Amino acid sequence: MKIVTVIGARPQFVKAAMVSRAVKEHNRHGNRITELLLHTGQHYDENMSGIFFTDMQIPRPAWLLEGKYSLHGEMTGYMLTEIEKILLEAVPDYVLVYGDTNSTLAGALAAAKLHIPVVHVEAGLRSFNRRMPEETNRVLTDHLSSLLLCPTFSAVRHLAGEGIHEGVHHVGDVMYDAALLFGQLAEASPNIADRLQLKRKSFFLCTVHRAENTDNQERMSQILAALKETGTPSCPVVLPLHPRTRRCLESYGELSDLAKHPGIRLLDPLSFLDMVSLEKYAAMILTDSGGVQKEAYFHHTPCITLRDETEWTETVEAGWNQLAGCRTEEILRCLSLQTGGRKEIPEYGSGHAAEAILRLL
């Protein structure tokens, strides 16, 4: 069996690492599975992708697309063209895609048009906000897929509500597999919190990268106002900056003031192991990332989501996550709340989602 796995963004590298490890394990037991990685270059610099291959021991991609894009259509169109050429050459049995990025949609479109079965990991997630490009990517990819591998029971229900019943399986969350493995590795590695002289549970971790926030100056100003009011020298806000976020802050004239704030620690993009360490030791996480919301729960760190909705509704229902949107007052209100009664979320599985995926294949 030959699989071409399409990846291009940081969270996809994490998920692919777990499935690639499971492929190696299956092959040790006499299976013959060939997995070839196709990196679309969506996150193309060394800090945003190259360090992930080193940290996670993922095989280097068989193909790496290169290019910088300014528009969604330009990016998706280029990827679609190049992926189609590669699939015609490779002739895989399956094309495996993850999540909800432009790389996900381009891979699914290219495969479906060539009648190659598409396997979608993290199928069925919905924010029900069609203004988000990620939501469009999710919906279209699900309707193109032959095998839909869901991390939650609500994802299965969403697909059923759209008339998708065949090929749908609840496998648990492959990110939980990663949290268990890389959490242990992070414990054994030099700790970034100690390196930055951060006291454990005495700092806030914040990530902001979604276009709905970064590309809207008013939303960003509201979020930054909350961070400035929250961070202090003794309990700072640690803010690793996505390249797009840094560019937007520069264009809004916010970056230099933010860098001078005594309660804000700006960082370059971090390796996954460093992010895991900070997630484990933060007092609270503020984020607009879907992946980081879940990682907060995996490491039992309370989370505030800087969006008006989330695909991971079970994290809210279980008491680990609060939806704050972008308004300063609401973010500060959520920070002041001491939520109790937090529950476990068993539907994410027991750390064996990657093995379940391979069994289905």
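Calculation notes
Residues numbered from 1 in each chain as written. Predicted model: local features only at pLDDT ≥ 70, side-chain atom pairs only at ≥ 80, totals over all residues. Heavy atoms only, no water. Buried < 20%, exposed > 50% of the residue type's maximum accessible area, 1.4 Å probe, protein only. Helix = DSSP H or I, 4+ residues; strand = E, 2+ residues; numbered from the N terminus. Pairing = 2+ DSSP bridges. Right-handed = clockwise from strand over helix to strand, strands pointing away. Salt bridge = Lys/Arg side-chain N within 4 Å of Asp/Glu carboxyl O. Contact = heavy atoms within 4.5 Å. Axes fitted to C-alpha atoms, helices over the stretch in contact; angles between N-to-C directions.

It is worth spelling out the pairing of strand 4 (residues 94-98) at this point. When a strand is regular, its side chains alternate between the sheet's two faces. Burial within strand 4 is extensive, with 4 of its 5 residues counted as buried. For strand 1 (residues 2-7) and strand 4, the ladder comprises 4 bridges, and the chain directions are parallel. Paired with Ile3 across the bridge in strand 4 is Tyr94. Of the strand pairs in this sheet, strand 4 and strand 5 (residues 118-121) are connected by 4 bridges, and their pairing is parallel. Residue Val95 lies in a different strand from strand 5, and its bridge partner there is Val118. Each parallel crossover has a hand, and for strand 4 linked through helix 4 (residues 102-113) to strand 5 it is right-handed.

Okay, the pattern of salt bridges next. Summed over all chains, the structure comprises 21 salt bridges. The partner of Asp173 in a salt bridge is Lys294, with the nearest N and O atoms 2.7 Å apart. Here the residue Asp173 occupies a position in the loop between strand 7 (168-170) and helix 7 (174-188), and Lys294 occupies one in helix 14 (residues 290-298), the gap between them amounting to 121 residues. On the basis of relative accessibility, which here comes to 1%, the residue Asp173 falls in the buried class. Judged by relative accessible area, which is 1%, Lys294 ranks as buried. Beyond isolated ion pairs, a larger network of salt bridges with shared partners links Asp100, Glu135, Arg138, Glu212, Arg307, Glu309 and Glu311.

Spatial ordering of the open sheet is given by 3-2-1-4-5-6-7, a layout of 7 strands whose pairing is parallel. Lying at the two open borders of the sheet, with one neighbouring strand each, are strand 3 (63-64) and strand 7.

Here we come to the environment of Ala110. Its location among the elements puts Ala110 in helix 4. Overall, the relative accessible area of 1% leaves Ala110 in the buried class. Residues Ala110 and Met79, spaced 31 residues apart in sequence, show a C-alpha to C-alpha distance of 8.9 Å. If near-sequence neighbours (up to four positions away) are discounted, Ala110 is found in contact with Leu80, Ile83, Glu84 and Leu87.

With that settled, the discussion passes to the sheet that holds strand 8 (residues 204-207). In spatial order, the strands read 10-9-8-11-12-13; together these 6 strands make up an open sheet with parallel pairing. Edge positions in the open sheet fall to strand 10 (264-267) and strand 13 (321-323), since each of these has one partner strand only. The sheet shows a mean angle of 20° between the axes of neighbouring strands, direction not considered. Where strand 9 (residues 237-240) lies against strand 10, 4 bridges are found, and the strand directions are parallel.

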